[in-house]
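For reference, the chains in residue letters:
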Amino acid sequence: MEEENQDLNSSEEGKLDFFPRQSPAAMGADEQSSPARRRYRDEEGEEVAEGGAAEKRLRAEWFEGASLLGLASYEEEEEVEDAVRGPANGRREEQEQEDEDEDDDDEGVRTAPERRPRQVELRRDCPYLDTVNRQVLDFDFEKFCSTSLSNLNAYACLVCGKYYQGRGLKSHAYTHSLEAGHHVFINLQTEKAYCLPDGYEINDPSLEDIRHVLNPRFTREQVLNLDKNKQWSRALDGSNYLPGMVGLNNIKETDFVNVTIQSLMRVTPLRNFFLIPENYEHSRSPLVHRFGELTRKIWHARNFKGQVSPHEFLQAVMKASDKRFQIGVQSDPVEFMTWLLNTLHAKLKSSKEENRSIIHDCFQGELEVVKEIHRKHIMEKKEDADEHNCEAGSEVGKTNDGIVTETYRVPFLMLGLDLPPPPLFKDAMEKNIIPQVPLFNILKKFDGETVTEVVRPSIAQMLRYRVTRLPKYLILHMRRFTKNNFFIEKNPTLVNFPVKNLELKDYIPLPKPKENEKLHSKYDLIANIVHDGKPGEGCYRVFVQRKSEEAWYEMQDLHVTETLPQMVALSEAYMQIYEQHE
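Computed from a predicted model, the values in this text were never measured in an experiment. (Residues numbered from 1 in each chain as written. Predicted model: local features only at pLDDT ≥ 70, side-chain atom pairs only at ≥ 80, totals over all residues. Heavy atoms only, no water.)

S.K.: For the overall build of the chain, give the residues involved together with the corresponding values.
M.R.: Scanning the chain from terminus to terminus reveals 19 helices and 27 strands. For the chain, the share of sequence-separated contacts (at least 6 apart) that also reach a separation of at least 24 residues comes to 65%. Roughly 34,900 Å² of accessible area belongs to the chain as shown, and the carbon and sulfur atoms make up 49% of that amount. (Helix = DSSP H or I, 4+ residues; strand = E, 2+ residues; numbered from the N terminus. Contact = heavy atoms within 4.5 Å. Areas by Shrake-Rupley, 256 points an atom, 1.4 Å probe, with all protein chains shown as cover.)

As structure tokens, this is what we get:
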């Protein structure tokens, strides 16, 4: 026993070598130089003659603790030694540990272990479903995280309506669930609902209405019966709305976009095509998919509110047009309609060889153009004339007056009609007379006989137009605005047009139909875009027809009111869409 105690004492002395030792002279100097320390010892009642006695007592206390708690393991000894080592040794070991971690990381990169899919618990009894607030949910805006501004793996908080990224331990959605106490989230891509921070998936049928608002879906049977539906829908705030007749939010001077969209929503084949995403899933254009989403939201019967914000569609328009059309800058709906139809056609056609799409099937017609140019201009512009003569389907002829005629056919999506100039002087009542002109008079431009003079630099061309093929949906554009070097002028002439049964064969020559085919030349008005106010400053509104009731509605941004067909004909028409009779 004595030998074991000696061995233990020797080993423990080795362990306790870290206690600082001082010589008696140093201790005496310390006591002489610090009377406060001596007073403190007297107050405590400690009588210590030299530093060696204090060290022995500390060792004895350590032995008593060792006998009561048992000997420490090697790991504990290493921890004690690490705690007592100097900061230099600590920094050295930290550097070694970092080197080892880097080596481990390198080995991990080399091996590249596969990530196992995280198992998610599926539950139906989530206690936080009553915190979902449908009043604040709005899925019309871009799906970006409100903190990181990233659109990857975005989730919507169903309590406050904000978007956050991810649902991991360090994600913004996880942090939001802890800070705000909001626990129900839905993935904006997969439409799966989760409870955070617990992390389990919620499978409850009460969330189906939210999924339908996030991504409206239509069956083919529902699409075919849309024009027969006369039932109103009710929003969460108690207001009633008609699917397809909802107002569009004016972000900032975007009424030219709103009237164009509302007009195109009346074109039945185009609407039915975009209501089913499988029809254009081959397209990679964001503009096509955003237009399809907007179409489905407008015609959805289970919306939470009676209006739609075309924010995502406008962002896609700004990017696709290189900011030619943007939020906050007023533009012409005719220019926007032309750009939109041509862009959608280019993005929807399946191949370069097959130049067909739903756009051309609805709106494309064909014109025969006869161009008359003086021979002297031909000699001056010989190269240009050679290029013109090489056009497909063109025919060149000469007359006795030295005029060269050239005939060719071109496709069109829209026909532009010229208005007669307004009067320059006021009448006896000191008021400007607003002239009126029938639509049939300005349609004579396309009878094949009326000559239209086109003045270009160094060349004056005389053109004659004749319609050779009518489209299913005819777009007419009244050229009310004329630009010069100083200002833009608006022509206030009213155009008298029929709302139903516009018969074109009585006013313009049409080609004879093929055998066993009937000539379809009768049209009904379905949309009429109107401009109010001064040029460059006014606003746009549109009159549209609801087929299920054959009623007319006036739509200006968020305002949708029913109106009489007679009021449609009294407006300053700017652009019209006619539907061909079957």
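S.K.: Break down the pairing of strand β4 (residues 184-187) for me, with residues and values.
M.R.: Covered by surrounding structure in β4 are Val184 and Ile186 together with Phe185 and Asn187, the residues of both alternating faces. Bridge count for strand β2 (residues 154-157) against β4 is three bridges, and the pairing is antiparallel. Residue Ala156 lies in a different strand from β4, and its bridge partner there is Ile186. As defined by bridge partners, β4 adjoins strand β5 (residues 193-195) across three bridges and the pair is classed as antiparallel. Residue Ile186 lies in a different strand from β5, and its bridge partner there is Ala193. (Buried < 20%, exposed > 50% of the residue type's maximum accessible area, 1.4 Å probe, protein only. Pairing = 2+ DSSP bridges.)

S.K.: Go over the sheet that holds β5 with me, naming the residues and quoting the values.
M.R.: The strand order β1-β6-β5-β4-β2-β3 describes an open sheet built from six strands, whose pairing is mixed. Because the sheet does not close on itself, it has two edges, and the strands there are β1 (122-123) and β3 (163-165). Relative to the sheet, helix α7 (residues 172-180) contacts β2, β3 and β4, its axis offset from that of β3 by approximately 120 degrees. (Axes fitted to C-alpha atoms, helices over the stretch in contact; angles between N-to-C directions.)

S.K.: I'd like a description of unusual backbone geometry, backed by residues and values.
M.R.: Here the amide bond leading from Leu196 into Pro197 is cis, since omega sits at 10 degrees, within 30 degrees of zero. As for its position among the elements, Pro197 is in the loop between β5 and β6 (200-202). In this model, Leu149 sits at a positive phi of 60 degrees, which is unusual for a non-glycine residue. A positive phi is found at Asn501, a non-glycine position, where the angle reads about 60 degrees. Following the sequence through the fold, Asn501 ends up in the loop between β21 (494-496) and β22 (502-503). The class for Asn501 is partly exposed, based on a relative accessible area of 44%.

S.K.: For the environment of Val499, give the residues involved together with the corresponding values.
M.R.: Relative to the elements of secondary structure, Val499 occurs in the loop between β21 and β22. As a C-alpha pair, Val499 and Tyr578 span 79 residues in sequence and 9.1 Å in three-dimensional space. For Val499, the residues in contact, after removing those within four places along its chain, are Asp524, Leu525, Trp552 and Pro565.

S.K.: Could you give an account of the packing of helix α12 (residues 286-298) against helix α13 (residues 311-320), naming the residues involved and the relevant values?
M.R.: Running from N to C, α12 and α13 cross one another at 155 degrees; their axes reach a closest spacing of 9 Å. Here α13 runs roughly antiparallel to α12, going by the angle between their axes. Handedness of the crossing formed by α12 with α13: left-handed. Counted together, Pro286, Leu287, Arg290, Phe291, Glu293, Leu294 and Lys297 of α12 and Glu312, Phe313, Ala316, Val317 and Ala320 of α13 form the full contact between these two elements. The class makeup of the residues in the contact of α12 with α13 is eight nonpolar, no polar and four charged. (Parallel < 35°, antiparallel > 145°, perpendicular 65-115°, else oblique. Left-handed = near helix turned anticlockwise from the far one by under 90°. Nonpolar A, V, L, I, M, F, W, Y, C, P; charged D, E, K, R; others polar.)

S.K.: Which residues make up the packing of aromatic side chains, and what values do they have?
M.R.: Under the counting rule described, the total for this entry stands at 16 aromatic pairs. Taking the centre distance of 4.8 Å and the plane angle of 80 degrees together, the rings of Phe274 and Phe291 count as edge-to-face. Pair noted here: Phe274 is in helix α11 (residues 268-275) and Phe291 is in helix α12, with a separation of 17 residues, a long-range link. Judged on exposure class, the residue Phe274 and its partner Phe291 are both buried. With a centroid separation of 5.3 Å and an interplanar angle of 80 degrees, the aromatic rings of Phe325 and Phe336 are classed as edge-to-face. Placement of Phe325 in the loop between α13 and α14 (333-348) and of Phe336 in helix α14 is noted, with a sequence separation of 11 residues between them. By the ring-pair criterion, three or more aromatic residues cluster together here, those being Phe273, Phe274, Tyr280, Phe291 and Phe313. Sitting over the face of the ring of Tyr200, Arg123 holds its NZ or CZ atom 4.2 Å from the ring centroid. The ring centre of Tyr194 lies 3.9 Å from the NZ or CZ of Arg167, which sits over that ring. (Phe/Tyr/Trp six-rings, centres within 6.5 Å; stacked < 30°, edge-to-face > 60°. Lys NZ or Arg CZ within 6 Å of the ring centre and 35° of its normal.)

S.K.: Describe in detail the pairing of strand β27 (residues 573-580), supporting the description with residues and values.
M.R.: Of all eight residues in β27, eight are buried; the element is thus mostly enclosed. The pairing of strand β18 (residues 473-479) with β27 spans five bridges and is antiparallel. The residue of β27 that forms the bridge with Leu476 is Gln576. Sheet analysis places strand β23 (residues 522-532) next to β27, joined by seven bridges and oriented antiparallel. Its bridge partner being in β27, Ile529 is matched across the sheet by Met575.

S.K.: Describe α11, with residues and values.
M.R.: Counting buried positions along α11 yields seven of eight residues, so the element is predominantly enclosed. Among the residues of α11, Thr268, Leu270, Arg271, Asn272, Phe273, Phe274 and Leu275 are the ones counted as buried.

S.K.: Requested: an account of the pattern of salt bridges, with residues and values cited.
M.R.: Counting across every chain of the model gives 22 salt bridges. Across the pair Glu579 and Lys547 runs a salt bridge, and its minimum N-O distance is 2.8 Å. Taken together, the positions of Glu579 in strand β27 and Lys547 in the loop between β24 (539-546) and β25 (551-556) put the pair 32 residues apart, joining distant regions of the chain. Under the relative-accessibility criterion, Glu579 is labelled buried at 18%. Given the relative accessible area of 28%, Lys547 is considered partly exposed. One salt-bridge network, held together by shared partners, links Asp138, Asp140, Lys297 and Lys305. (Salt bridge = Lys/Arg side-chain N within 4 Å of Asp/Glu carboxyl O.)

S.K.: Give me the lowdown on the environment of Glu191, citing residues and values where you can.
M.R.: Among the secondary structure elements, Glu191 is positioned in the loop between β4 and β5. When the C-alpha atoms of Glu191 and Ile210 are compared, they prove to be 9.1 Å apart, with 19 residues separating the residues in sequence.

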